[in-house]
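# Residue-level structural notes
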Amino acid sequence: MPVITLAGERLIAQKQAAGAPLTIDGFVLANVPGLDPVAPIDRNEGLPDASHQVFSGGVTQVGYVNPNLVVYSLILDSTQGDFAFNWIGLVSTTDDNTVVAIAHVPLQQKRKTQGGVTGNAITRNFMLEFNGAQSLTDITVSADTWQIDFTARLLGIDERERLSNQDFYGAATFIQDGFKVVRAGGRFALQPGVGYVGGVRIELTEPLAVTVTARPASIWVDAALVGDVSGVEARLQVIVAEQAEGGPDANGVRHYVAKLADIAIDGVITDLRPLAVAAIKDALKAHKANSDPHPQYLTDGQGRSVAGEVAKSALAAHTADADPHAQYLDTDKGKQVAAQVVQGFMGAHMAQADPHPNYLRKEQFTTLISGRKNLLINPYFSVWQTGPAVVSPGHLTYLADGWRLHRANKFNGELNAHLLDNKLGMALTCTAASTRNSLVSVVQFIEASTLQPITRLGKSSNIKAVFKVRFCANYTGKLGVAVHNHDTSLLLGWKALAVTGGATFPFQEVEVAFEFADHHLSTERTGVGISVSVHIEDDTHYGFAAKVNNQLRLHAMQLELGETSSEFEPISLHEALAQCQRYYRAVTIPYLQGWTTDEERFTVGSLWYPTMRVPPAVSLLDLSCTGGIFARAEGVTDKNCYITLQPNGSGHTAIRQGRAILDARY
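Just so we're clear, the structure is a prediction, and the values are computed from it rather than from any experiment.

Basis of the calculations
Residues numbered from 1 in each chain as written. Predicted model: local features only at pLDDT ≥ 70, side-chain atom pairs only at ≥ 80, totals over all residues. Heavy atoms only, no water. Helix = DSSP H or I, 4+ residues; strand = E, 2+ residues; numbered from the N terminus. Buried < 20%, exposed > 50% of the residue type's maximum accessible area, 1.4 Å probe, protein only. Areas by Shrake-Rupley, 256 points an atom, 1.4 Å probe, with all protein chains shown as cover. Core = buried A, V, L, I, M, F, W, Y, C linked by side-chain atoms within 4.5 Å. Pairing = 2+ DSSP bridges. Axes fitted to C-alpha atoms, helices over the stretch in contact; angles between N-to-C directions. Salt bridge = Lys/Arg side-chain N within 4 Å of Asp/Glu carboxyl O. Phe/Tyr/Trp six-rings, centres within 6.5 Å; stacked < 30°, edge-to-face > 60°. Lys NZ or Arg CZ within 6 Å of the ring centre and 35° of its normal. pLDDT = per-residue confidence, 0-100. Contact = heavy atoms within 4.5 Å.

### Some thoughts on the overall build of the protein chain
A count of helices and strands for the protein chain gives nine helices and 38 strands. Taken across its 666 residues, the protein chain has 39% of its residues classed as buried. Carbon and sulfur atoms make up 53% of the accessible area of the protein chain, which totals about 35,400 Å².

Right, here's the structure in full:
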């Protein structure tokens, strides 16, 4: 059974990571002694020894079956052979002859047509399947448009064209002086030109010398169509003999002959070429002699006269019309109509109760969030607005809306993160072994306003919550879940669980209950809130990244207030997308003051944890200013918003209270 080699797998991963196209452009056939076609193929296998290779050539055709499945085909027609093969390789010659895929087959024979024995034509296909295969290889042709053996079809087309020429020109015809035998001194030559022999078009672009060793003599031309499935060409040879015969040669190629001239013993040349131009010359001469050979057309003088009269008449009628352009509005009418149309549309737009139904209103978004027990955004990883995958993540890589992939600096392996095919959950796949202590975490930040109202609770109260994860894996190791206070990095809850995975990916769940004093959520502090995370580490700790192709699938995460967890609550893609696309946040502005005569810029922590696709818009409410006036508020793409105060002439200004409302889109 064909397999993708490890070298091919690495090449595909490298091209995907670099966003570069993958070019697979060659086939290699080999006859490897002692090869067992049913034994498993070693994925480390490369090209066989050169002494065992029997054929190498380009890919005949490519096509796609679906976005994740592409086909590469090799077609060998009956002109190629003879050899036997039991090893087939698909290679990328543009990437150091990397062997991308291999197949072992029972010994097969490839024969060409020769000596009256008909050869065989074979087609061999490789189907490669991996995520985004069609896009990565830039294949735009559907496979079902060309998967045929077209050797017979092409040869039939060539033969039909030859027969058409023969019907028109006869057994042999030469145009003007083409192939005419002439004498220059003691030498003979054929004049350049075009001829048809047996329907095969032949041409000389320059004079061709002919060696005549004895006289009298006859000169013949032999024409044949020679080539293969990729193309044929007309070939000719000159024969000096008393008689020349056509017909098939030893390779099955059919030849056609025509006599050009006889040369007498004294050197006199008798031109025997059949000519096709005599009738043409006579007809053309009679055509030119006719005083009006094209009576269906107006002569130059007649055309000008008629065209002038028609144009004058049409222009006169146009000018005499009171409104010759009635289909158009004049300037004043156009302005009036345009203004009325604009006013009508704007009035109807403003009269609608919801003129922009494609956007969530603020109250709708607040209701959507407050109605859910799960406090996480995008808990099933179903929304990936920044792209379908992350390969070899860097520190704090933006993974999916609301989520980050955190990688410790020690992590040496390669990690591929992608959305599962059923769109429920995310897969983390190790593509290269890690050699040192390392840590990878999937993290989401939950701000204070999500966990409690904006008004501050008493310091004696505690917040209780439960963080729960559903997952599965194909390896045995451990998994850690954790909750931290984001402002102080205080560990609020932690649990490690043994992973009992296997080839069937059995489901497992783990949860951690935690509580903390609510003063850590004070709205007077910057960066308040918590971070929930799932940790996967190398074999020094948990064993995930120690082996290639180890995979952890995160199916669902849930954070809810209370002491005990409940069943996972399904969230539709529509709701998840709405949460990821629009996000409002109220930030209480702390006491701010400045002592400068210039504008003073103050930082208000907002901690937009995931990367935003556009900067947030900032508006201010309930401002109480002294000593100066507010100049502007700015939303930025980092983790803070900025408020700029403009002082009075004394150099002092302050905001004593107020709120900033940030409206962002992830």
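### Here we look at the nonpolar core
Ranked by internal contacts, the top residues of the largest apolar core, which has 42 residues, are Leu428, Phe467, Ile530, Leu554 and Leu559. Considering each element in turn, this core owes the most residues, six residues, to strand E26 (residues 462-473).

### Examining the sheet that holds strand E8 (residues 122-129)
Pairing between the strands of a sheet is mediated by backbone hydrogen bonds and can be parallel or antiparallel. Within the open sheet, the three strands sit side by side as E4-E5-E8. Their pairing is antiparallel. The outermost strands of the open sheet, each flanked by one partner alone, are strand E4 (61-66) and E8. Shown here is a sheet whose adjacent strand axes are inclined to one another by a mean of 25 degrees, direction ignored. Bridge analysis of strand E5 (residues 69-76) against E8 gives eight bridges, and the strand direction is antiparallel. By the bridge assignment for E8, Val71 is matched with Met127.

### A short note on the pattern of salt bridges
Any two side chains of opposite charge can pair, given that their charged atoms come close. A complete count under the given rule lists nine salt bridges for this structure. Arg470 is the salt-bridge partner of Glu509, the closest N and O atoms lying 3.2 Å from each other. In this pair, Glu509 is assigned in strand E29 (residues 507-517) and Arg470 in strand E26, connecting sequence segments 39 residues apart.

### Quick look at the sheet that holds strand E11 (residues 187-190)
The strand order E10-E11-E14 describes an open sheet built from three strands, whose pairing is antiparallel. In the strand order of this sheet, the two ends are held by strand E10 (181-184) and strand E14 (208-210), each with one partner. Strand-to-strand twist in this sheet, taken as the mean axis angle between neighbours without regard to direction, amounts to 40 degrees. Pairing analysis gives four bridges linking E10 to E11, with the strands arranged antiparallel. Directly across from Val182, in E11, lies its bridge partner Ala189.

### So, the packing of aromatic side chains
A full pass over the atoms with the stated rule returns seven aromatic pairs. Taken together, a centroid distance of 6.3 Å and an interplanar angle of 50 degrees make the contact between Phe83 and Phe85 tilted. For the pair Phe168 and Tyr169, a centre-to-centre distance of 4.7 Å together with 85 degrees between the ring planes defines the contact as edge-to-face. Judged by relative accessible area, Tyr169 falls into the partly exposed class, the value being 23%. Ring-pair connections join several aromatic residues into one group, and the members of that group are Phe55, Phe83 and Phe85. It is Arg553 that lies over the ring of Phe505; its NZ or CZ is 3.6 Å from the centre.

### Examining the confidence of the model for the protein chain
Averaged over all residues, the pLDDT of the protein chain is 80; the fraction at 70 or higher stands at 76%. Model confidence for the protein chain, summarised as mean pLDDT per element, is weakest for helix H7 (residues 362-370) at 56 and strongest for strand E13 (residues 200-204) at 95. This model gives residues 453-458 a pLDDT under 50, and the stretch forms eleven contacts once residues within four places in sequence are excluded.

### Looking at unusual backbone geometry
Each neighbour pair has its own omega, and for Gly81 with Asp82 the value is -5 degrees, a cis peptide bond. The topology assignment puts Asp82 in the loop between E5 and strand E6 (83-92). Following Arg215, the chain continues to Pro216 via a peptide bond in cis, the omega torsion being 0 degrees. Although it is not a glycine, Asn378 adopts a positive phi angle of roughly 55 degrees. Take Asn378: it is sitting in the loop between H7 and strand E20 (389-391). Positive phi is not limited to glycine here, since Phe505 has a value of about 55 degrees. One can find Phe505 in the loop between strand E28 (491-500) and E29. Taking relative accessible area as the criterion, Phe505 reaches 15% and is therefore assigned buried.

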